[in-house]
Amino acid sequence: MNLTNFSTYYDFRSTLHTNRLVGLWRMMADFRPYYLLAAISLAVSAMAKTAGFFLLRYFADNVLAGTGSSLPFSLNLTQFLIAIALGFMGLALVEGGFAYFSGRLAAFTAEGVTRRLRNFLFDHIQRLNFSYHSKTKTGDLIERCTSDVDALRRFFSQQAIGVGRIILLFVVNFIALLSLHTGLAWFSIISLPFILLITVWFFKQITKRYEDYQEQEAVLSTTLQENLTGVRVVKAFANQNYEIGKFEKDNLEKFRRGKLLLITHSLYWPLSQFVLGIQLLAGYIFGALLTINAEITVGTYLAYSGMVIWLLWPIQNLGRLIVDTSAGMVSYTRIMAITKQIREPLSDGKVSPAGPLKGEIVFEDVSFKYSDGSAEVLNSISFKVKPGQTVALLGSTGSGKTSLVNLLPRFHEYSNGKIMLDGVDLKDYSRKYLRRQIGIVEQEPFLFSRSIRENISYGLGRDIRGDEIEAAAKAAAIHEDIISFPDGYSTLVGERGVTLSGGQKQRVTIARILLKNPRILIFDDSTSSVDMDTEAEIRAALNRLMEGRTTFIIAHRIQTVMNADLILVLNKGNIVQKGSHKELIVQKDSIYRQMFDIQTRIDEELEIEVSQAK
Ligand code: UTP
Ligand code: MG
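Residues numbered from 1 in each chain as written. Chains lettered and ligands numbered in written order. Predicted model: local features only at pLDDT ≥ 70, side-chain atom pairs only at ≥ 80, totals over all residues. Heavy atoms only, no water.

Peer 1: Lay out the overall build of the protein in plain terms, naming residues and giving numbers.
Peer 2: Looking only at helices and strands, one finds 20 helices and 10 strands in the protein. A globule of 614 residues ought to have a C-alpha radius of gyration of about 25 Å, yet the protein, at 36 Å, is considerably larger. By its C-alpha atoms, the protein is 125 × 50 × 45 Å across when sized along the principal axes. Sequence-distant contacts in the protein: of pairs separated by 6 or more residues, those separated by 24 or more amount to 78%. Only carbon and sulfur atoms are counted for the fraction: they give 59% of the accessible area of the protein, which is about 31500 Å². On the protein, the mean spot of the 67 positive side-chain charges and the mean spot of the 59 negative ones are 6 Å from each other. (Helix = DSSP H or I, 4+ residues; strand = E, 2+ residues; numbered from the N terminus. Rg over C-alpha atoms; globule rule 2.2 N^0.38 Å. Contact = heavy atoms within 4.5 Å. Areas by Shrake-Rupley, 256 points an atom, 1.4 Å probe, with all protein chains shown as cover. Lys, Arg positive; Asp, Glu negative; His and termini not counted. Charge placed at Lys NZ, Arg CZ, Asp CG, Glu CD.)

Peer 1: How would you sum up the site of ligand 1? Please name residues and give values.
Peer 2: Near ligand 1 there are 12 residues, and of these Thr397, Lys401, Thr402, Ser403 and Gln443 occur at the shortest range. In this structure, Thr397 approaches ligand 1 through a side-chain N or O atom, which is 2.7 Å from an oxygen atom. One nitrogen or oxygen atom from the main chain of Ser399 is found 3.2 Å from an oxygen atom belonging to ligand 1. For ligand 1, the accessible surface in isolation is 610 Å², of which the surrounding protein chains cover 65%. Taken together, the residues of the shell around ligand 1 sort by class into two nonpolar, nine polar and one charged. (Near = heavy atom within 4 Å. Polar contact = N/O pair within 3.5 Å; in protein donor to acceptor, adjacent residues only side chain to side chain. Nonpolar A, V, L, I, M, F, W, Y, C, P; charged D, E, K, R; others polar.)

Peer 1: Can you break down the nonpolar core residue by residue, with the values?
Peer 2: Judged by nonpolar contacts, the single largest core of 43 residues is most densely connected at Ile456, Ile510, Ile567 and Tyr592. Not counting residues up to four positions away in its chain, the partners in contact with Ile456 are Ile469, Ala473, Ile482, Tyr489, Val508, Ala511, Arg512 and Leu515. (Core = buried A, V, L, I, M, F, W, Y, C linked by side-chain atoms within 4.5 Å. Buried < 20%, exposed > 50% of the residue type's maximum accessible area, 1.4 Å probe, protein only.)

Peer 1: Which residues make up the sheet that holds strand β1 (residues 361-368), and what are the values?
Peer 2: Read across the sheet, four strands follow the order β2-β1-β4-β5 without closing on themselves; strand pairing throughout is antiparallel. Among the strands making up the open sheet, the edge pair consists of β2 (378-385) and β5 (424-425). Here β1 runs beside β2; their pairing, made up of five bridges, is antiparallel. Along β2, the bridge assignment pairs Val366 with Ile381. (Pairing = 2+ DSSP bridges.)

Peer 1: Tell me about the packing of aromatic side chains, and please be specific about residues and values.
Peer 2: Following the criterion strictly, the structure yields 20 aromatic pairs and no others. Relative to Trp313, the ring of Trp310 has its centre 5.3 Å away and its plane inclined at 55°; by these criteria the two rings are tilted. Within this pair, Trp310 and its partner Trp313 are both found in helix α10 (residues 298-339), separated by three residues, close to a single helical turn. On the accessibility criterion, Trp310 (22% relative accessible area) is partly exposed. Judged by centre distance (4.9 Å) and plane angle (70°), the ring pair of Phe368 and Tyr370 falls under edge-to-face. Since its relative accessible area comes to 27%, Tyr370 is described here as partly exposed. It is Lys49 that lies over the ring of Trp310; its NZ or CZ is 3.9 Å from the centre. The ring of Phe448 has Arg450 sitting right over it, with the charged end atom 4.3 Å from the ring centre. (Phe/Tyr/Trp six-rings, centres within 6.5 Å; stacked < 30°, edge-to-face > 60°. Lys NZ or Arg CZ within 6 Å of the ring centre and 35° of its normal.)

Peer 1: Residues and numbers for the pattern of salt bridges, please.
Peer 2: This model, assessed by the stated rule, comprises 23 salt bridges. Linking Asp250 and Lys246 is a salt bridge whose minimum nitrogen-to-oxygen distance equals 3.6 Å. Placement of the pair is Asp250 and Lys246 together in helix α9 (residues 240-292), with a separation of four residues, close to one helical turn. On the basis of relative accessibility, which here comes to 34%, the residue Lys246 falls in the partly exposed class. Between Arg465 and Glu468 there is a salt bridge; the shortest N-O distance is 3.7 Å. Beyond isolated ion pairs, a larger network of salt bridges with shared partners links Glu344, Arg410, Glu413, Arg431 and Arg435. (Salt bridge = Lys/Arg side-chain N within 4 Å of Asp/Glu carboxyl O.)

Peer 1: Explain unusual backbone geometry to me, using residue names and the numbers behind them.
Peer 2: Positive phi, close to 55°, is recorded for Asp365, a residue that is not glycine. Within the secondary structure layout, Asp365 lies in strand β1. Unlike most non-glycine residues, Asp422 shows phi in positive territory, near 50°. Within the secondary structure, Asp422 sits in the loop between β4 (416-421) and β5. With a relative accessible area of 22%, Asp422 lands in the partly exposed category.

Peer 1: Go over helix α20 (residues 591-613), please, and point to the residues and values.
Peer 2: The end-to-end C-alpha separation of α20 is 33 Å, in line with the 33 Å expected for 23 residues at 1.5 Å each. Buried residues belonging to α20 abut β3 (390-395), α18 (558-561), β9 (566-571), β10 (574-579) and α19 (581-585). (Expected span 1.5 Å × (residues − 1).)

Peer 1: Requested: an account of the sheet that holds β3, with residues and values cited.
Peer 2: The strand order β6-β7-β8-β3-β9-β10 describes an open sheet built from six strands, whose pairing is mixed. Edge positions in the sheet fall to β6 (438-441) and β10, since each of these pairs with one other strand and no more. Taken pair by pair, the neighbouring strands of this sheet meet at an average axis angle of 15°, ignoring direction. Alignment of β6 against strand β7 (residues 520-524), held across four bridges, turns out to be parallel. In the sheet register, Gly439 faces β7, and the bridge partner there is Leu521. Set on the sheet, helix α16 (residues 502-516) makes contact with β6 and β7; between it and β6 the angle comes to about 170°. (Axes fitted to C-alpha atoms, helices over the stretch in contact; angles between N-to-C directions.)

Peer 1: Outline the layout of surface pockets, supporting the account with residue identities and numerical values.
Peer 2: Looking at the second largest pocket, its volume works out to about 380 Å³. What lines the second largest pocket is a set of 20 residues, among which Leu21, Phe155, Ala160, Ile161 and Val163 lie closest to the centre. Only α1 (20-27), α2 (32-64), α5 (138-180) and α10 provide two or more residues apiece to the lining of the second largest pocket. When residues in the lining of the second largest pocket are grouped by element, the largest group, eight residues, is from α5. Its residues assigned to classes, the lining of the second largest pocket comprises 17 nonpolar, two polar and one charged. (1 Å grid on protein atoms, 1.4 Å probe; cavity = no way out; pocket = protein on both sides within 12 Å on 5 of 7 lines; lining within 4 Å. Points joined across faces, edges and corners; volume = space filled by probe spheres on them.)

Peer 1: Describe the side chain of Thr207, and please don't skip the residues or the numbers.
Peer 2: Among the secondary structure elements, Thr207 is positioned in helix α7 (residues 192-229). Residue classification places Thr207 among the buried residues on the basis of a relative accessible area of 10%. The contact partners of Thr207, leaving out residues within four places of it in the chain, are Arg20, Ser326 and Val330.

What follows is the structure in structure tokens.
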């Protein structure tokens, strides 16, 4: 039994089923034989337990009843007692041994299935599209991938097998009881319908309460995760007390729901205990009457008193287990909600050019809105770019600049109009190809908590030599910064290493894109504001990066965009001005002219101030 014998990936999309039990059964895929073996081991263990009671009866009727003369195999009393004792020990060994074996197999199955499930979920989540990620809370996703997967693990290792064990114990013991005395056996399960009714009711209640509880747990982890990520904002606004208050409120709600869940849970046990207690007592009295009337032997009565406990115990535990099983069912639904999501096809294009793109881009009447938004974010956008040209996008915040450039790598699908790339509809290219050909310096650059070297060479799909990385870093004007760190290129970024400034992060990203060497470049610089020197350096790095590539550059400063071949001024998703700097600057009272005037005035004032300060 070794987990490495199984492929570590399994496509759980094939396990989707509206009936959760069917779905859970499908999830076990390759592990089913092991699970069945686990169930069989349990059966053997259960039978050994019942056999013990038969041995007891035999012992009581043949020895205790004083018929020592009729000992079998002509054994003397001592030998006979030793044989009986050995028999009990043997049965106990079989019972314990097989229970252990079954537990091992169940654990193996549970760990194996959930290991694959985790691998699958990680893989699957990576392949979902942007709109899924932007509308899903990270905390909730994490919750589903950890706590819910764990609930399934418990379901497979304890509850599912537990239910099997209990049903087996019940069946084996009931058949055994029937062989003792039919009337007594039936009398002993008279309360079964009541117990079942109670169980069904509790199952429904607890399922609902458990759902509520998990939901609130997700709220809490989202709050926690957001606060950890946004700790700077919280501190900057000295808003800790508000956040703490909010967390406490959410936590109180979790406490309330958890309490409700546990109370319901703990009510089940005494209630069923009460019913079964009466049942047990009635059975003992009935059995005693039968013994007094000599309808059954004392040995049978003794065996009955032991066995009936093992008949009622499963009934009671079945209820409890079924109730616990609801956790597994709820988690199944929660995980399947992720599994159900359609993946973003990466290699769905009809055309896959062997070489790189030339980079001619034509937008024809393109409109776009986000799947979860109601208003159009882009309206009838039309423009043309020749290979190697630079397009600058200007416009107030929220005017749709980032949305426009994000259409190129097919992060989102546009509704109307057409985008042609080298004369071919953009939708005919596979996403994978496009993303290889397009390099984006994001508006909010993200670096992984890995070394700077790994961050620069990230996702290039080939081994990158050290000198290549250095050359890229030099071109991106970040080399000097990097070697000033204690571990140079091996310096870790983030939690366990250095924290890079916004400008530094941006330049690391530029170095990465330089290495990627894409045909189309997108530089989304809407918000970053760096000092003059750094800006000049970044601009120089950018100019190097732009050479020979079709470039989209989003910036707020006129200086950055002045040299562009085409400037698009956006306002509320519409192109309000289009042309080169020369063409736009002569349009009096236009947005572009106003921006130019304001920025030159500010720059002049700044210069005067600086010269006065000197
Ligand atoms: P953009 O993100 O395209 O604006 O959002 P922008 O021009 O780049 O703005 P800055 O300069 O970076 O600030 C355009 C519109 O699309 C909506 C936004 O609310 C905004 O009104 N939007 C953006 C969405 O609805 N969903 C998104 O995922 C992103
Ligand atoms: Mg933007």
